[in-house]
Amino acid sequence: MITIKQISITELSTDTIVNAANEHLQAGGGVCGAIFSAAGYDKLEAACDVFKHCDTGSAVITSGFDLKAKYIIHAVGPIWRGGQNGEPQALYNAYKRSLELATENGCRSIGFPLISAGIYGYPLEDAWRQAIQACKDFEKKAGHSIEIVFAVLDKRIIDNGLEILNEMESATRNFSFDHLLLSGRPVDAVFFHLPEESYGFLSNWYLSPFDLDGVHYSSMEQYIMYQKCVLFGDQTTARKVLLTDNPSEQQKLGKLCTGYINGIWAGARQAIAMRGLLAKFSQNATLKKQLLDTKDAYLVECAHSDRIWACGIRLNESERFDAAKWTGQNILGFALMEVRRMLQNS
């Protein structure tokens, strides 16, 4: 239900449109300025002043006033700072929160600009991939469809978006496993890394709410970092972990855990991870089906800097295809495989 049109977003007749807003929800240039002008500057400014602020990666909703759309959702995308400061997750979250607000308010159609790809400097191709992946993931999790229209005026940007949309849809249709050389024999394998990439739902950073032992978690990363702090008695940091849904921030907080003993964590982490993974996949029917669809393929997390949870090889490096060349333990991959076996047997 995703389409890309050469049209001004202010001309869309969707139930709601999305404004690429700033944190202070003030009128700006580009898409934001056009929306304020078309909706009625004074009326929309007054409505935004009620909120005063919106965090990066989040969104708020107001009336559409003089627009054809009933609502305007003001989503704050990240400023590009090289990609190592949580920008991908923040951009993904901006789309996710916009879609949540749309469905919560009974909208059956939504119009997006390409968030953060203008003056915020987000690389064009990466911006499209995040946008399309977030929309596809939302529809899978929600279990129902919503008409999604991207309104773009620049033909070059439209062509780039259509190319990526077709590529991602083709990859879904032509599903096939990679192959891994394991002790000299080839086996089916699935390689994954970031949430927005192929098989990203396997990542600990993938936003996938679940509950365990009376605590609500937004992702596996939050769960693992929280459990790590609790294991060593650092309740203060554990509470801070629960206060943010940003996996990057959760990871940083986990590294600050006081009383940490490497040997203890090395012995406990895989058992802790498996409990969380079982909750994650058993409490979400769509994710469970996606995991089971990997059949008996080896699941391999690819990250050069992680030699514990991942295989120690980048996702784009050919060494990942030969287990003898791994420099990491791939703990997450093997934990996922065991949880998959448990779900298959049940």
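Keep in mind that what you see is a predicted model, and the values were worked out from it rather than measured.

**Student:** What should I look at first to understand the overall build of the protein chain in this one?
**Tutor:** A count of helical and extended segments in the protein chain gives 11 helices and 11 strands. On C-alpha atoms alone, the protein chain measures out to a radius of gyration of 21 Å, which is about the 20 Å that the 2.2 N^0.38 rule sets for 346 residues. The principal-axis extents of the C-alpha atoms in the protein chain amount to approximately 65 × 45 × 40 Å. Expressed as a percentage of the 346 residues in the protein chain, the buried residues total 51%. Sequence-distant contacts, at least 24 apart, represent 65% of the contacts inside the protein chain between residues at least 6 apart. Accessible surface, the protein chain: about 16,000 Å² in total, of which carbon and sulfur atoms supply 50%. Charge centroids of the protein chain, computed over 34 positive and 39 negative side chains, lie 4 Å from each other.

**Student:** Honestly, the side chain of Gln227 in this entry has me stumped. Any pointers?
**Tutor:** Among the structural elements, Gln227 can be located in helix H6 (residues 220-231). Residue class for Gln227 comes out buried when judged on its relative accessible area of 18%. In contact with Gln227, not counting residues within four places along its chain, are Tyr217 and Ile272.

**Student:** How should I be thinking about the packing of aromatic side chains in this particular structure?
**Tutor:** Any pair of aromatic rings gets described here by the distance separating the centres and the angle formed by the planes. Going through the model one piece at a time under the given rule, you end up with 14 aromatic pairs. Between the aromatic rings of Phe36 and Tyr41, the centroid separation amounts to 5.7 Å while the plane-to-plane angle is 55 degrees, which identifies the pairing as tilted. An aromatic cluster is built from Tyr95, Phe112, Trp128 and Phe150, whose rings are joined through pairwise contacts. Directly above the aromatic system of Tyr260 lies the positively charged group of Lys228, at a separation of 4.8 Å from the ring centroid. The ring of Phe191 is capped by Arg320, whose NZ or CZ atom sits 5.3 Å from the centre of that ring.

**Student:** Just checking my understanding: could you explain the side chain of Ser203 for this structure?
**Tutor:** With respect to the secondary-structure elements, Ser203 resides in the loop between strand E8 (185-192) and strand E9 (207-212). In terms of polar contacts, Ser203 uses its side chain to reach the backbone carbonyl oxygen of His193, at 3.4 Å. With residues up to four places along the chain from it excluded, the contact list for Ser203 reads Phe192, His193, Leu194, Pro195 and Lys280.

**Student:** Would you mind showing me how to read the environment of Tyr206 here?
**Tutor:** Relative to the assigned elements, Tyr206 resides in the loop between E8 and E9. The spacing of Tyr206 and Glu221 is 15 residues in sequence and 8.3 Å in space, taken between C-alpha atoms. Side chain to side chain, Tyr206 and Asp137 meet in a polar contact 3.4 Å long.

**Student:** Would you take a moment to explain the packing of helix H3 (residues 87-104) against helix H4 (residues 124-142) for this structure?
**Tutor:** Between two packed helices, the angle of one axis relative to the other and the distance separating the axes together describe the packing. Relative orientation of the contacting elements H3 and H4 amounts to 40 degrees, with a least axis distance of 9 Å. Put simply, H3 runs oblique to H4. The two elements H3 and H4 meet at a crossing, and its hand is right-handed. Contacts from Pro88, Leu91, Tyr92, Tyr95, Lys96, Leu99, Glu100 and Thr103 in H3 reach Ala127, Gln130, Ala131, Gln133, Ala134, Cys135, Asp137 and Phe138 in H4. In terms of residue class, the contact of H3 with H4 is built from 10 nonpolar, three polar and three charged.

Parameters at a glance
Residues numbered from 1 in each chain as written. Predicted model: local features only at pLDDT ≥ 70, side-chain atom pairs only at ≥ 80, totals over all residues. Heavy atoms only, no water. Helix = DSSP H or I, 4+ residues; strand = E, 2+ residues; numbered from the N terminus. Rg over C-alpha atoms; globule rule 2.2 N^0.38 Å. Buried < 20%, exposed > 50% of the residue type's maximum accessible area, 1.4 Å probe, protein only. Contact = heavy atoms within 4.5 Å. Areas by Shrake-Rupley, 256 points an atom, 1.4 Å probe, with all protein chains shown as cover. Lys, Arg positive; Asp, Glu negative; His and termini not counted. Charge placed at Lys NZ, Arg CZ, Asp CG, Glu CD. Phe/Tyr/Trp six-rings, centres within 6.5 Å; stacked < 30°, edge-to-face > 60°. Lys NZ or Arg CZ within 6 Å of the ring centre and 35° of its normal. Polar contact = N/O pair within 3.5 Å; in protein donor to acceptor, adjacent residues only side chain to side chain. Axes fitted to C-alpha atoms, helices over the stretch in contact; angles between N-to-C directions. Parallel < 35°, antiparallel > 145°, perpendicular 65-115°, else oblique. Left-handed = near helix turned anticlockwise from the far one by under 90°. Nonpolar A, V, L, I, M, F, W, Y, C, P; charged D, E, K, R; others polar.

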